[in-house]
Amino acid sequence: MIETINTSVIDWSRAQFALTAIYHWLFVPLTLGLGIVQAIMETIYYKTGNEFWKKTAQFWMKIFGINFAIGVATGLILEFEFGTNWSNYSWFVGDIFGAPLAIEGILAFFMEATFIAVMFFGWNKVSKGFHLASTWLTILGATISAFWILVANAWMQYPAGMHFNPETVRNEMASFWEVALSPVALNKFFHTVLSGWIIGGMFVVGIASWFLLKKRDVKFALESIKIGAIFGIVASVLSIWTGDGSAHQVAQRQPMKLAAMEGLYEGREGAGLVGIGLLNPAKEQYNDGKDPFLFKIEIPRMLSFFAERDMDAYVPGIANIIEGGYPQKDGTVALSAEEKIARGKQAIQALADYRSATSDSAKQQAQAALDEHFRYFGYGYLKKPSDLIPSVGLTFYAFRVMVILGGFLLLLFAAVAYLSYKNKFETKRWLQWTCFISIFLAIIAGQAGWVVAEVGRQPWAIQDILPVSAAISNLSASSVQITFFIFLALFTVLLLAELKIMINAIKKGPN
Amino acid sequence: MQKGLFITRIFRFYLDGFRNMTVGKTLWLIILIKLFVMFAILKVFFFPDYLGKFDRQSDKQEYVSDELIRRATNP
């Protein structure tokens, strides 16, 4: 029997998950970034004893608190969605996904919750040293919390350290450390947290610039800008480094995502990196022979370097990944998508055989077949090879939005830091406006990064193992539509509430 | 005795902290409303555990395996 699932359920469920994640990601990076900035300011207060720095740190701490309070628990809705919309996935991933989330909930959350009380209530009640330690431990707890969430996400991009048990129909953890310390997880953690630091730095510079535009609290604004800009430069430079690491990891583990990021249909040695380009909307099939670009400006051989650390290395394109036949680094020849689909079907058949087996020998035989082909399990759900191709347009443009805005923000931080230390920033009103507007650009850059990561890995819920069409629950599209719009309304109200409270707090200023 | 005093001090620390909140009171109200909406409305009426309809683990295993096998285009 062939069971089909309504694609609109998948689309609405994905849209709902994206909406929730995007909303959640408005708060998280600001917590991570602003938390460090306020801790640096309090450290200066601790070192100097200057009350100015205490007031400055307290102002940013209040903004941090508003953001933290409105954002708290918004991530829990994602877990609701796993249980309802993605129940096959939730069962299938078993303890692999549950363990990092449980650690996050127990360890990091309680660490945050304990020390955040001292941070907010403890001024003048505990020693300066203990208060400073609590401030740093609060942000450390938030960062550890982010680590475990990103470990779980990284496992979906690069499933490692597990073994599939056909008896329980679950993936069981074989190596905790392979899951927690996979190269994808570590790189994702640093790159994502650094993007939060950039947003935090830009927020401080942008809001402080607003004070300069209003010609009030000038000393507070200028000193905040100096710290925010330096912090932003450090985060941006480190982010370039981890971004390079991300591109390398994607090339090794998710070559289709890399090809989509670059609009690369035909692979080649010494592949160039597209700096800017306009995709050809007339290109509808990977093998229709049409040029994928209306125009593009390439940096010669740079994609090969990013992907393989070799400027002459071969980088496969979308057509190559589907048709296979190119030599891989391990000396094997890449399988075609057709072959992977066939092996995936064998794996699913082996699962079916195992479940219906009545003797131990039959089970062992099925288990052996399943183990042999399990790495292609998810391919058995694909109807045709082109189902492997994510949205090239969205992935390609989102990647460029992230990179171009990231580059712009680095230049802006550098210009602001230079002018601030030369005491020339106060008169540059156009730059102050640019900084204020750039708060939104930093947020957009962060969101675009997630679009690249998540849209680029479609159709997979778990890379190569489970596509979204198999991960989804058997729900009606209308029920998901209803909850989508409920969320939209709820999130909009909460966002407006945050903005109103935050704007009022900012207007009051540090004094 | 010492332990009791320590607990009392912590209690007063939190009590004073909450009493002296300004913006925090509004934030707590928002947090409580949000948690109520999430757990008492959304979770109960809109986001039930899909596999919660099965009482036994073995039934859940059976259901998911059937789903995974049947959804393949040509198993």
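Residues numbered from 1 in each chain as written. Chains lettered and ligands numbered in written order. Predicted model: local features only at pLDDT ≥ 70, side-chain atom pairs only at ≥ 80, totals over all residues.

Draft legend 1. Summary view of the environment of A:Met173. Residues and elements named next belong to chain A. In this fold, Met173 is placed in strand S2 (residues 170-173). Residue class for Met173 comes out partly exposed when judged on the 18 C-beta atoms lying within 10 Å of it. Taking the C-alpha atoms as reference points, Met173 and Phe203, separated by 30 residues in sequence, lie 40 Å from one another. For Met173, the residues in contact, after removing those within four places along its chain, are Asp95, Ile96, Ala99, Gly161, Met162 and Val179. (Helix = DSSP H or I, 4+ residues; strand = E, 2+ residues; numbered from the N terminus. Buried ≥ 20, exposed ≤ 12 C-beta atoms within 10 Å, placed from the backbone. Contact = placed C-beta atoms within 7 Å.)

Draft legend 2. Inspection of the nonpolar core at higher detail. All names here are of chain A. Ranked by size, the top nonpolar core spans 154 residues in total, and within it Trp60, Ile318, Leu351, Leu409, Val416 and Leu466 carry the most contacts. The element contributing the most residues to this core is helix H8 (residues 183-213), with 16 residues. Ignoring any residue separated from it by four or fewer positions in sequence, one finds Trp60 in contact with Leu34, Val37, Gln38, Met41 and Val204. (Core = buried A, V, L, I, M, F, W, Y, C linked by C-beta atoms within 7 Å.)

Draft legend 3. Broad picture of the interface of chain B and chain A. Counting residues at the interface gives 33 residues for chain B and 45 residues for chain A. Those elements that place two or more of their residues in the side of chain B that touches chain A are helix H1 (2-19), helix H2 (23-46) and helix H3 (57-71) of chain B. In terms of residue count, the dominant contributor to the side of chain B that touches chain A is H2(B) (twelve residues). Each residue belonging to the side of chain B that touches chain A can be placed in one class, and the counts come to 20 nonpolar, six polar and seven charged. (Nonpolar A, V, L, I, M, F, W, Y, C, P; charged D, E, K, R; others polar.)

Draft legend 4. Representation of the pairing of strand S1 (residues 162-165) of chain A in the model. All names here are of chain A. Residues Met162 and Phe164 point to one face of S1 and are all buried, whereas His163 and Asn165, pointing to the other face, are not buried. Sheet topology note: the S1/S2 ladder contains four bridges and is antiparallel. Opposite Met162, over in S2, you have Met173 as the bridge partner. Linkage of S1 to S2, two consecutive antiparallel strands, is achieved through a turn of four residues, within which Val169 is found at a positive phi near 60°. (Pairing = 2+ DSSP bridges.)

Draft legend 5. Region of the structure containing helix H15 (residues 392-421) of chain A. Here H15(A) spans 43 Å end to end across 30 residues, near enough to the 44 Å set by a 1.5 Å rise per residue. Phi turns positive, to about 60°, at A:Asn423, one or two residues after H15(A). (Expected span 1.5 Å × (residues − 1).)

Draft legend 6. Structural view of the packing of helix H2 (residues 51-71) of chain A against helix H18 (residues 477-508) of chain A. All names here are of chain A. At a minimum axis distance of 10 Å, the contact between H2 and H18 shows a crossing angle of 170°. With respect to H18, the element H2 is oriented roughly antiparallel. Residues Lys62, Ile63, Ile66 and Ile70 of H2 lie in contact with H18, whose contacting residues are Leu494, Ala497, Glu498, Ile501, Met502, Ala505 and Ile506. For the contact of H2 with H18, the class distribution of residues is nine nonpolar, no polar and two charged. (Axes fitted to C-alpha atoms, helices over the stretch in contact; angles between N-to-C directions. Parallel < 35°, antiparallel > 145°, perpendicular 65-115°, else oblique.)

Draft legend 7. Quick peek at the environment of A:Glu426. Residue and element names in this part refer to chain A. Inspection of the secondary structure assignment puts Glu426 in the loop between H15 and helix H16 (429-455). On the neighbour-count criterion, Glu426 (15 C-beta atoms within 10 Å) is partly exposed. Separated by 205 residues in sequence, Glu426 and Ala221 place their C-alpha atoms 9.4 Å apart. With sequence-adjacent residues up to four places away left out, Glu426 is seen in contact with Leu212, Val218 and Leu222.

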